Each structure stands twice: as C-alpha cells, then as structure tokens.
Amino acid sequence: MVDGIKQAPFEGTSLAYTFDEKNAKAPTRHKTQYFEMFGQWALYHEGWLLSTQVNRAPWEVMGAANPDPLNNQVLELYNLDKDFSQSRTSPTSNRPR
C-alpha cells in the first residue's frame with residue numbers, strides 16, 4: 001500500500017539480494033532481460049547484450065530519434081563479460097565501422 005492505494009507487484013527477479021554485503025560476489029540472478037526506451041531497445045542474455053545503436057545524444061530531446069524504429073536500426077552486440085564498458089562491438093554486429 002502507498003498512500004492507501006494497493007500496489008501491483010513488480011514482475012521479474014528481485015534485486016534486493018544485491019544490497020546485502022554478503023552477496024557482493026554472488027552471480028547475477030538475471031539471466032535474460034529485455035528493455036526499451038525512446039525507440040531504443042536491448043536484450044541481455046547470460047553476459048551478452050544485443051542493442052540498437054543510440055541515434056542521438058540524451059540531451060537532444062526534441063524530434064524523432066529514428067523516424068522508422070521498426071525497420072531502421074543498427075544492431076550492436078557486446079560480450080559484457082569481456083567488455084563491460086560496451087566500447088568494443090562483436091565482429092558479428094552490423095554497426096558501420
């Protein structure tokens with residue numbers, strides 16, 4: 001309850017265990033995740049991240065970031081176990097080099 005209003009439960013795996021110091025080195029419980037925002041999307045699965053290339057800087061808030069987000073995406077693939085910063089795309093990405 002929040003301010004007398006019953007809340008719907010969150011779907012998915014709780015992050016609460018990550019706040020306990022004894023779990024600092026515990027492996028993630030999130031095996032697969034999908035998320036999207038402002039026409040960009042990403043899919044994470046066991047250390048790999050497939051994402052759309054960001055079309056504009058976050059501070060450029062006006063206008064469409066991508067006029068055809070369903071058909072006009074550049075995909076990037078990252079191995080987060082080897083490149084957590086997402087600075088090196090996998091050779092299989094379709095990102096222009």
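That block above? That's the structure.
What you see is a predicted model, and the numbers here were worked out from it, not measured in a lab.

**Brief notes about the layout of surface pockets**
Its boundaries defined by the atoms lining it, the largest pocket holds a volume of some 480 Å³. Met37, Gln40, Trp41, Thr52 and Val54 are the residues nearest the centre of the largest pocket, which is lined by 21 residues in total. Residues belonging to the lining of the largest pocket are distributed by class as follows: twelve nonpolar, five polar and four charged.

**Some remarks on the sheet that holds strand E2 (residues 40-45)**
Strand order in this open sheet of four strands is E1-E2-E3-E4, and the pairing throughout is antiparallel. Looking at the sheet topology across the chains shown, the edges are occupied by strand E1 (32-37) and strand E4 (75-79). Taking the axes of each pair of neighbouring strands and ignoring which way they run, one obtains an average angle of 15° across the sheet. Strand direction decides the pairing type here: strand E3 (residues 48-52) and E4, joined by five bridges, are antiparallel. In the strand pairing of E4, leucine 50 is matched with leucine 77.

**Brief notes about the environment of asparagine 55**
Examined against the element boundaries, asparagine 55 turns out to sit in the loop between E3 and E4. Relative accessible area serves as the criterion here: at 33%, asparagine 55 is assigned to the partly exposed category. Along the chain, asparagine 55 and glutamine 40 lie 15 residues apart, while their C-alpha atoms are 8.2 Å from each other.

**As for the side chain of aspartate 83**
Following the sequence through the fold, aspartate 83 ends up in the segment after E4. In this structure the side chain of aspartate 83 is engaged in a polar contact, spanning 2.9 Å, whose partner is the side chain of serine 85. A polar contact of 3.0 Å, which involves the side chain of aspartate 83, links it to the backbone nitrogen of serine 87. Once residues lying within four places of it in the same chain are set aside, the contact partners of aspartate 83 are Tyr78 and Arg88.

**Here's the deal with the packing of aromatic side chains**
Enumeration according to the criterion identifies one aromatic pair in this entry. Between the NZ or CZ atom of arginine 29 and the centre of the ring of tyrosine 17, over which it lies, the distance is 3.8 Å.

Cut-off values and rules
Residues numbered from 1 in each chain as written. Predicted model: local features only at pLDDT ≥ 70, side-chain atom pairs only at ≥ 80, totals over all residues. Heavy atoms only, no water. 1 Å grid on protein atoms, 1.4 Å probe; cavity = no way out; pocket = protein on both sides within 12 Å on 5 of 7 lines; lining within 4 Å. Points joined across faces, edges and corners; volume = space filled by probe spheres on them. Nonpolar A, V, L, I, M, F, W, Y, C, P; charged D, E, K, R; others polar. Pairing = 2+ DSSP bridges. Helix = DSSP H or I, 4+ residues; strand = E, 2+ residues; numbered from the N terminus. Axes fitted to C-alpha atoms, helices over the stretch in contact; angles between N-to-C directions. Buried < 20%, exposed > 50% of the residue type's maximum accessible area, 1.4 Å probe, protein only. Polar contact = N/O pair within 3.5 Å; in protein donor to acceptor, adjacent residues only side chain to side chain. Contact = heavy atoms within 4.5 Å. Phe/Tyr/Trp six-rings, centres within 6.5 Å; stacked < 30°, edge-to-face > 60°. Lys NZ or Arg CZ within 6 Å of the ring centre and 35° of its normal.

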